[in-house]
Amino acid sequence: MADVVATAEIPEIVPTRLLNDQQRVALLRWMLHARIFDEVTIRLYRQGKMFGSVFAQIGHEAISVGSAAVLQPEDAIFPMHRDLGAHFVRGVPLRTIALNHLARQGSMMRGTDGTGHYADPQRKLYGNISHLGAMIPVAVGYALAAQLKGEPIVVLNYIGEGGAQTGEFHEGLNFAAVRKAPFVLIIENNQYAYSTPTTEEYACKKLSDRAIGYGIPGETIDGTDVERVYEATFYAVERARNGEGPSLIEAICMRMRGHAEHDNASYVPRELLEYWKKRDPLLRYQRFLIDNGILSEAEIQQMRREIEAETVRVLDEVLQLPFPPAEEAFKNVFL
Amino acid sequence: MPTMTLLQAISDALRYEMRRDERVFLLGEDIAEFGGAFKVTKGFVEEFGKQRVINTPISEAAIIGGAIGAALNGLIPVAEMQFMDFITNGFNQLVNVAATTAYRWGLPVPIVVRGPVGGGMSAGPFHSRSAEAWFAHTPGLKVVFPAFPADAKGLLIAAIRDPNPVLFFEHKGLYRKIREDVPEGEHVVPLGTARIVRPGADLSIIAYGRMVHTALEVAARLESEGASVEVVDIRTLVPLDEATVIDSVKRTNRVVITHEATLTAGFGAEIAARIADKAFEYLDAPIRRVAAFDAPVPMAPPLEQAMLPSAEKLLDTCRQVLEY
Ligand SMILES: Cc1ncc(C[n+]2csc(CCOP(=O)(O)OP(=O)(O)O)c2C)c(N)n1
Ligand SMILES: [Mg+2]
């Protein structure tokens, strides 16, 4: 795998006609937010100041941002654990994200859970649980209800290529296909599930080939090209909204960090990382925006500085906050 | 005798059985080169190869179902759940296939499903669960929950040699916390044998897993207050060594049962019912239980501490029972 990839070409960003320059700048901003949140939390983790695990999504920015950006506010989104970008796209304030991640007082989950597991029903965002695959049938059920109620919404759900090996993946997607549910599932194939390479996860060439078995469209795309992700998601969402049923998209990327920050990922060949570094979804898009005269280098650096300052400030503030009080443990087991 | 942590003792048992019996093999997520999330199988793939240390896809139903099938075909699989919380994804295989095979077909299913459980690490509701009661409630499954390294080794070897499906719970808070001398080589602790880890005359604490250590701490503190407390580690929930428990209660006449799992329909209820049934006339005080509050295990430390049973809560309850 490593040597095949090392000699592979780095594809150009393929601009889509579906986006205007203002939208492109928004995409970059969201990608920067996701990247910088990771950079800052990684730093805090190293300093021993973080709470909980840091599942960096570096390398995934184009997938969660490019796809979530397609949705309308009424549409629902069920992210996985490397979809921080989607939370920003949905308009969840940085402070809210930080409160939930760090399980601080004021978190929507009252300290009962952390990371991106929260739900923000107003923004139609429903977080994952740890059990991989568990949310696929749930997201399908959400889509089914919309269909039954005659609401023209679409549900966008994500899963890792590792999570795509759970039984719930199959049951959920098949159910969606049979009912023609307005559902789009994106597999974020980042080459690894913890330490396990894809060769030990599945034996097919492309995970999108599975779509044939479900009788739905499927395609594999470059998950490091945000324009490509936007376009593929756009057509899948349009199809779902028109009552033509679900689609499966496999977006290829690379997990650029360990599984979480405790893991130095020494099992990942260095050449593989070197190659994917050149395909960095953020840097490639920055280069594209500069080359096309949409933003200048200076403007991007300015954006970066602003977002970084804001992220550092918010995380520092939230880390100063207490955890919710012990009594919260005894509430809401039932409503 | 070498000194080992609970984790090392578990590795030692696995290695010993794999060297001794070619039929024993391992399967689970990230267990080969990586050595597993907690490193229980570190170095195993180098010694036993990729055929006997199998990395699986994230498919717990296939791991457990596959283990059952391999057992039907003459092998002895030991399956690792990366966290025991994920055993839910293989629940059907355990409670419907594995648990009924002896009864229906008269065939052995010599599998072990093992992995880390328990809270106290701010790991949230999906990485902290104590799931043993679900399985203790399923006839046909044996349930083991060691508290000490030597017991862990001896019980795991017994579990691997047992012709029935055995669930083996390892509290991750104990993995590297306690060390003790562990017999080298052959060391078997029969399933269904409890152990009095501290003898006493005034009160029995019946415990398993991490709470055995909490009970020992509480017993030491009560000793300074003049009470002699016995601590019984049941070690296996199924089969339960009822005789040792009943005998202890008959001698001390007072009993507190404790586990980290939630209270309602927890295994403590079963122990309490047996004591009420078999030793009622020996009791000088009501049977009391100290367990987790009936809620998912929360993540933020103040909530988690409030939810889980603590030494303070156990101490308090023991004092009440002693003063009754
Ligand atoms: C059902 C289940 N089994 C095991 C785990 C432990 N686990 C957490 S993340 C992970 C790897 C996930 O890989 P993938 O789905 O590819 O997502 P990635 O982390 O690579 O983005 C594993 C094995 C889990 N969370 N759920
Ligand atoms: Mg992956």
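Another aspect to go through is the overall build of chain A. Counting its regular elements, chain A contains 12 helices and 9 strands. Taking the principal axes of its C-alpha atoms as reference, chain A extends roughly 50 × 50 × 40 Å. A fraction of 75% describes how many contacts in chain A between residues 6 or more apart in sequence connect residues 24 or more apart. A total of about 13,800 Å² of accessible surface is found on chain A, and carbon and sulfur atoms cover 53% of it. Placing the 35 positive and 43 negative side-chain charges of chain A at their respective mean positions leaves the two points 2 Å apart.

The next point concerns the overall build of chain B. Tallying secondary structure elements over chain B gives 11 helices and 14 strands in all. The C-alpha atoms of chain B give a radius of gyration of 19 Å, which matches the 20 Å a tight globule of 324 residues would have. Projected onto its principal axes, the C-alpha coordinates of chain B cover approximately 60 × 40 × 40 Å. Put simply, 83% of the contacts in chain B that link residues at least 6 apart link residues at least 24 apart. As presented, chain B carries roughly 11,900 Å² of accessible surface, and 53% of it is formed by carbon and sulfur atoms. When the 32 positive and 39 negative side-chain charges of chain B are each reduced to one mean point, those points stand 2 Å apart.

A separate point is the packing of helix H11 (residues 281–291) of chain A against helix H12 (residues 297–320) of chain A. Residue and element names in this part refer to chain A. Contact pair H11 / H12: the axes reach a minimum separation of 9 Å and the direction vectors enclose 140 degrees. In terms of their interaxial angle, H11 and H12 are classed as oblique. Taken together, the residues of H12 that come into contact with H11 (itself represented by Leu-282, Gln-286, Arg-287 and Ile-290) are Glu-297, Ile-300 and Arg-304. Of the residues that constitute the contact of H11 with H12, the class distribution is 3 nonpolar, 1 polar and 3 charged.

A word on the site of ligand 1. Near ligand 1 you find 21 residues, and of these A:His81, A:Arg82, A:Gly163, A:Tyr192 and B:Glu60 are the closest. Per-site note: the chains with residues close to ligand 1 are chains A and B. A:Asn190 is positioned such that a nitrogen or oxygen atom in its side chain is 2.9 Å from an oxygen atom of ligand 1. Within the side chain of B:Glu60, a nitrogen or oxygen atom sits 2.5 Å from a nitrogen atom of ligand 1. In isolation ligand 1 offers 580 Å² of accessible surface; the protein chains occlude 97% of this area. Class assignment of the residues belonging to the shell around ligand 1 gives a composition of 7 nonpolar, 10 polar and 4 charged.

Residues and elements named next belong to chain B. Each assigned domain of chain B is listed with its residue range as follows: domain 1 (3–181) and domain 2 (195–323). With centres defined by C-alpha atoms, the gap from domain 1 to domain 2 works out at 26 Å. At the junction of the two partners, domain 1 supplies 26 residues and domain 2 supplies 26 residues. Interface area, domain 1 with domain 2, both sides summed: about 2,000 Å², of which 62% is carbon and sulfur. Of all residues in domain 1, Ser-122, Phe-145 and Phe-148 bury the most surface against domain 2, accounting for 24% of the area lost on that side. Viewed at the interface, domain 2 and domain 1 are joined by 2 salt bridges. In this structure, Asp-151 and Arg-235 form a salt bridge, with 2.9 Å as the shortest nitrogen-oxygen distance.

Residue and element names in this part refer to chain B. Strand order across the open sheet formed by 5 strands is S9-S11-S10-S13-S14, with mixed pairing between neighbours. The open sheet has two free edges, formed respectively by strand S9 (195–198) and strand S14 (288–292), since each of these has just one partner strand. Ignoring strand direction, the axes of neighbouring strands in this sheet form an average angle of 25 degrees. The sheet contact formed by S9 and strand S11 (residues 229–233) spans 3 bridges and is antiparallel. Paired with Arg-198 across the two strands is Val-231, which belongs to S11.

As a further point, take helix H3 (residues 61–68) of chain A. By the criterion of burial, H3(A) is predominantly enclosed, with 8 of the 8 residues buried. Within H3(A), burial applies to A:Glu61, A:Ala62, A:Ile63, A:Ser64, A:Val65, A:Gly66, A:Ser67 and A:Ala68.

Residue and element names in this part refer to chain B. Taken in spatial order, the 7 strands line up as S3-S2-S4-S5-S7-S6-S12 in an open sheet, and their pairing is mixed. Edge positions in the sheet fall to strand S3 (53–55) and strand S12 (236–238), since each of these pairs with one other strand and no more. This sheet shows a mean twist of 20 degrees between the axes of neighbouring strands, independent of strand direction. Pairing of strand S4 (residues 76–80) with strand S5 (residues 112–117), which is carried by 3 bridges, proceeds in the parallel orientation. Along S5, the bridge assignment pairs Ala-79 with Val-113. Against the sheet, helix H1 (residues 6–20) contacts strand S2 (24–28), S3, S4, S5 and strand S7 (166–171), and its axis sits at roughly 130 degrees relative to S2.

Locating A:Ile129 in the fold gives a position in the loop between strand S3 (125–126) and helix H6 (135–149). Residues A:Ile129 and A:Met80, spaced 49 residues apart in sequence, show a C-alpha to C-alpha distance of 8.4 Å. The contact partners of A:Ile129, leaving out residues within four places of it in the chain, are A:His117, A:Ala134, A:Met135 and B:Phe126.

On to the coordination of the magnesium ion (ligand 2). All names here are of chain A. Those donors, Glu-161 (OE), Glu-161 (OE), Asn-190 (OD1) and Tyr-192 (O), are the protein atoms that reach the magnesium ion (ligand 2), and they lie 2.1 to 2.7 Å from it. Coordination at the magnesium ion (ligand 2) is irregular: its 6 donor atoms span angles of 51 to 170 degrees at the metal. Summarised as a motif, the one-chain spacing of the donors to the magnesium ion (ligand 2) is E-x28-N-x1-Y. Taken as a pair, Glu-161 in the loop between strand S4 (155–160) and helix H7 (167–179) and Asn-190 in the loop between strand S5 (183–189) and strand S6 (192–193) lie far apart in primary sequence, 29 residues in all. Across this residue pair, the class does not change: Glu-161 and Asn-190 are buried.

Chain A puts 34 residues into the contact, and the matching count from chain B is 30 residues. If you sort the residues of chain A by the area they bury against chain B, A:His131, A:Tyr194 and A:Glu200 come out on top, with a joint share of 24%. At the boundary of chain A with chain B, the tally comes to 1 salt bridge. A:Glu200 is paired through a salt bridge with B:Lys50; the nearest N and O atoms lie 2.8 Å apart.

What counts and what doesn't
- Residues numbered from 1 in each chain as written.
- Chains lettered and ligands numbered in written order.
- Predicted model: local features only at pLDDT ≥ 70, side-chain atom pairs only at ≥ 80, totals over all residues.
- Heavy atoms only, no water.
- Helix = DSSP H or I, 4+ residues; strand = E, 2+ residues; numbered from the N terminus.
- Contact = heavy atoms within 4.5 Å.
- Areas by Shrake-Rupley, 256 points an atom, 1.4 Å probe, with all protein chains shown as cover.
- Lys, Arg positive; Asp, Glu negative; His and termini not counted.
- Charge placed at Lys NZ, Arg CZ, Asp CG, Glu CD.
- Rg over C-alpha atoms; globule rule 2.2 N^0.38 Å.
- Axes fitted to C-alpha atoms, helices over the stretch in contact; angles between N-to-C directions.
- Parallel < 35°, antiparallel > 145°, perpendicular 65-115°, else oblique.
- Nonpolar A, V, L, I, M, F, W, Y, C, P; charged D, E, K, R; others polar.
- Near = heavy atom within 4 Å.
- Polar contact = N/O pair within 3.5 Å; in protein donor to acceptor, adjacent residues only side chain to side chain.
- Domains from an automatic or database assignment.
- Buried area = accessible area lost by both parts, 1.4 Å probe.
- Salt bridge = Lys/Arg side-chain N within 4 Å of Asp/Glu carboxyl O.
- Pairing = 2+ DSSP bridges.
- Buried < 20%, exposed > 50% of the residue type's maximum accessible area, 1.4 Å probe, protein only.
- Donors = N, O, S within 2.8 Å, 3.2 Å for Na, K, Ca; no water.
- Tetrahedral: all angles 85-135°; square planar, octahedral: opposite > 155°, others 65-115°.

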